Amino acid sequence: MTGLISRALARRAVHAPKGENSDDGTPKAPRESTRRLWRDLSPLLRLLIVTQCAFNIGFFAVLPFLAEHLGTAIGMAGWLVGFVLGLRTFSQQGLFVVGGSLVDRYGVRPVVLAGCVLRIAGFAWLGFAEASWTVIGAVLVIGFAAALFSPAVESEVARQAVVWEEEGHGSRTRLLALFSVAGQAGAFVGPLLGALLLAVDFRTACLAGAAVFVLVLAGHLWLMPQHIPGRVRVRQRGGARLLLSNRRFLALCCAYGTYLLAYNQLYLALPDEVQRATGSQAPLSWLFALSSVLVVFAQLPITRWAGDRLDLRRSMTAGLLLIASGFAVVAAARPAGWTGAAGLLPAAGFVVLLTLGQMLVVPAARAWVPDLAEEGRIGLYTGALSSVSGLIVLAGSAATGSLLDTGLPAAVPWLVLAAVPALAVTLLPRRKERARGAGATA
């Protein structure tokens, strides 16, 4: 799989003189192709990046088809299906902060291994679950598994990216972009694998997902070191108190939360727009595929471009404004009332602009966390970024649903949604600050 990923991620060489600095003082990427970038990564970073791809293959081979399975095969009522899906999200995103704190205390390896074991058990359980309570139990296990291994992997990649930058290899955002591309590639391949396996049955898809995590577990048992150099374990309490008093980090969480709220509109506002334009939601799958393909093929070039010209704050600012413009495109087109193929053009424009914004926001936000985290608590802060942002999405999605159902003029909900990421730019930390224990600037 490592060879496949490295070939898929290889791109043209970038031409930036080695040792040249960008506007914010961080080193620009040296003259090298992405293939060479991959070769130059440490074995640990390769393992973590391939792991992210494998995680998403296993996850998306099952979860996109869960709602249909619960409604048809299990016979759950619609409200109960929604409740189960909500529980999965809460047990994952809501508990990221728990997983992150466990990583800081016990290290990356045991937390990742525990998460893999739980995910294997959860998928196997889900494949054989036939009653509502057993489905709920399996879904909770699946979600909590991700709350363990995702903060572990993400926080270590972020920490390694800082070290990689300080050693003169280039901007940390390039490495984090590679991590995002690997995850998106998995999200693209996973549903295709799941669709093929559903030709047999849902249980087969679940067991295949579990098998993917068996391979991940075996890889980490064999390759993940017991102790990662430079990783400090924190035994003392008080991390949550320090985090809640860190205004700069909480401001970043709020700004990142508006991005996640905007991204969530792929599943809330966009289906409503596609249904209006075409009378069907069938084109949604093509729009989702468009988003995935854009990330896989454009993430690295865009990150290289941004890394040479923008600091982290400017990169997030540009990304949030692109996202706002995506909502504005739909708002501007709604009064015309276009339908059919022409009616899909604003929706496609929204997806493209949202995805371009995502490609700027996500690597920059992840790269910013090590600069704002307390020494030895990068796992807690990485988890908190997802958990706090998830709470914003939970509250914002309820408000968005109400907004879409109020009967206001067609353009108004989209204009309100455009204003949210635009206003979030004002929340981004402004003052540059020396990283806590990292030796880099925000």
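Please read all numbers here as calculations on a predicted model, not as lab measurements.

**Focus: the packing of helix α6 (residues 96-106) against helix α8 (residues 132-166)**
Contact geometry of α6 with α8 gives a least axis separation of 7 Å together with a crossing angle of 55°. It follows from the interaxial angle that α6 and α8 lie oblique. As for how α6 packs across α8, the hand of that crossing is right-handed. The residues of α8 that touch α6, namely those facing Phe96, Gly99, Gly100, Leu102 and Val103, are Ala146, Ala147, Leu148, Ser150, Pro151, Ala152, Glu154 and Ser155. Per-class residue counts for the contact of α6 with α8 are eight nonpolar, four polar and one charged.

**Some words on a nonpolar patch on the surface**
A cluster of nonpolar side chains, contributed by Phe188, Val189, Leu192, Val293 and Phe297, occupies part of the molecular surface with about 430 Å² of accessible area. Elements with a minimum of two residues in the nonpolar patch: α9 (172-197) and α14 (284-309). It is α9 that contributes the most residues to the nonpolar patch, three residues altogether. Within the secondary structure, valine 189 sits in helix α9. Given the relative accessible area of 38%, valine 189 is considered partly exposed.

**Re α6**
All of the buried residues in α6 are Phe96, Gly99, Gly100, Val103 and Asp104. In an axial view of α6, the angular spread of the buried residues amounts to 140°, which keeps them on one side of the axis. Downstream of α6 by a residue or two, glycine 107 has a phi angle that is positive, lying close to 100°.

**Details of the packing of aromatic side chains**
All told, the structure shown has eleven aromatic pairs when counted by the stated rule. Taking the centre distance of 4.7 Å and the plane angle of 65° together, the rings of phenylalanine 249 and tyrosine 381 count as edge-to-face. With phenylalanine 249 in helix α12 (residues 247-264) and tyrosine 381 in helix α17 (residues 378-404), this residue pair connects regions lying 132 residues apart in the sequence. This pair shows no difference in class: phenylalanine 249 is buried, exactly as tyrosine 381 is. Plain terms: the ring middles of phenylalanine 350 and tryptophan 414 are 5.5 Å apart, the flat faces sit at 85° to each other, and that makes the pair edge-to-face. Here phenylalanine 350, found in helix α16 (residues 340-372), pairs with tryptophan 414, found in helix α18 (residues 412-424); they are 64 residues apart in sequence, far enough to count as distant. There is no split in this pair, since phenylalanine 350 and tryptophan 414 are both buried. These aromatic residues form a ring-pair network of at least three members: Phe55, Phe123, Phe149 and Phe213.

**Section: the confidence of the model for the protein**
On average, residues of the protein score 82 in pLDDT, and 87% of them are at 70 or above. Highest mean pLDDT in the protein belongs to helix α15 (residues 312-333) (96); lowest belongs to helix α1 (residues 2-9) (41). For residues 1-32, every residue scores under 50 in pLDDT, and the model assigns this stretch 68 contacts once sequence neighbours within four places are set aside. Note that residues 433-442 has pLDDT below 50 and, in this model, 37 contacts with residues that lie over four places away or in other chains.

**Observations concerning the state of the cysteines**
The tally for this structure, following the rule as stated, stands at zero disulfides. Cysteine 253 carries a free sulfur, and the closest cysteine sulfur to it, the one in cysteine 254, is 6.9 Å from it. Overall, cysteine 253 belongs to the buried group, its relative accessible area being 0%.

**Structural notes on the packing of α9 against α14**
As a packed pair, α9 and α14 sit with axes 9 Å apart at the nearest point and diverge in direction by 175°. Compared by their axis directions, α9 and α14 come out roughly antiparallel. Residues Thr173, Arg174, Ala177, Leu178, Ser180, Val181, Gln184, Ala185 and Phe188 of α9 form the contact with α14, whose own contacting residues are Ala289, Ser292, Val293, Val295, Val296, Gln299, Leu300, Thr303, Arg304 and Gly307. Taken together, the residues of the contact of α9 with α14 sort by class into ten nonpolar, seven polar and two charged.

**What about the nonpolar core?**
If you look at the biggest cluster of nonpolar residues, it comprises 115 residues, and the most contacted ones within it are Leu41, Leu126, Phe249, Leu270 and Phe350. At 14 residues, α8 tops the list of elements feeding residues into this core.

**Some words on α9**
Taking 1.5 Å per residue, 26 residues should reach 38 Å; α9 reaches 38 Å between its end C-alpha atoms and fits that length. For α9, the tally of buried residues reaches 19 of 26 residues, placing the bulk of the element in the interior.

**Quick look at the side chain of serine 171**
Position of serine 171 among the secondary structure elements: in the loop between α8 and α9. Separated by 2.8 Å, the side chains of serine 171 and threonine 173 make a polar contact.

**A few points about the environment of leucine 207**
Position of leucine 207 relative to the elements: it lies in helix α10 (residues 202-223). A residue is classified by how much of its surface remains accessible, and leucine 207, at 37% relative accessible area, is partly exposed. For the pair leucine 207 and leucine 126, spaced 81 residues apart in sequence, the C-alpha separation works out to 9.0 Å.

Quick notes on the rules
- Every residue gets a number counted from 1 within its own chain, in the order that chain's sequence is written.
- Owing to the predicted nature of the model, reporting of local features is limited to residues with pLDDT of at least 70; listing and counting of side-chain atom pairs is limited to 80 or more, with chain, interface and lining totals taken over all residues.
- To obtain the side-chain values, all non-hydrogen atoms of the structure were used and water was disregarded.
- Lines fitted to C-alpha atoms define the axes, with helix axes restricted to the stretch in contact, and inter-axis angles between N-to-C directions lie between 0 and 180 degrees.
- Strands are runs of DSSP state E lasting at least two residues, helices are runs of H or I lasting at least four, and both sets are numbered from the N terminus onward.
- The scheme is simple: roughly parallel for angles under 35 degrees, roughly antiparallel for over 145, roughly perpendicular for 65 to 115, oblique for anything else.
- We call a crossing left-handed when the near helix sits turned anticlockwise from the far one by less than a right angle, and right-handed when that turn is clockwise.
- Any two residues whose heavy atoms approach within 4.5 Å at even a single point are treated as in contact.
- Note on residue categories: nonpolar means Ala, Val, Leu, Ile, Met, Phe, Trp, Tyr, Cys or Pro, charged means Asp, Glu, Lys or Arg, and polar means any other residue, Gly included.
- A patch consists of residues whose relative accessible area exceeds 30% and which take part in no salt bridge; residues with like charges are grouped when within 9 Å of each other, and nonpolar side chains (Val, Leu, Ile, Met, Phe, Trp, Tyr) when within 5 Å.
- Areas reported here follow the Shrake-Rupley algorithm with a probe of radius 1.4 Å; residue values treat only the protein chains shown as occluding.
- Each salt bridge in this description consists of a side-chain nitrogen of Lys or Arg and a carboxyl oxygen of Asp or Glu lying within 4 Å of one another.
- When a residue's accessible area, from a 1.4 Å probe over protein chains only, is under 20% of the maximum for its type it is buried; when over 50% it is exposed; and in between it is partly exposed.
- An arc is given here, and it is the one of the directions from the helix axis to the C-beta atoms.
- Whether two aromatic rings pair depends on their centres lying within 6.5 Å, for rings of Phe, Tyr and Trp, where Trp uses its six-membered ring; planes under 30 degrees apart make the pair stacked, over 60 edge-to-face, and the rest tilted.
- Confidence of the predictor in every single residue is expressed as pLDDT, which spans 0 to 100.
- Disulfides are defined in this document as cysteine sulfur pairs within 2.5 Å.
- Think of a nonpolar core as a cluster: buried Ala, Val, Leu, Ile, Met, Phe, Trp, Tyr and Cys residues, connected wherever their side-chain atoms sit within 4.5 Å.
- Multiplying 1.5 Å by the helix residue count minus one yields the expected span of that helix.
- Any pair of N or O atoms that falls within 3.5 Å is considered a polar contact. Within protein, one atom must be able to donate a hydrogen and the other to accept it, and sequence-neighbouring residues count only if both atoms are side-chain atoms.

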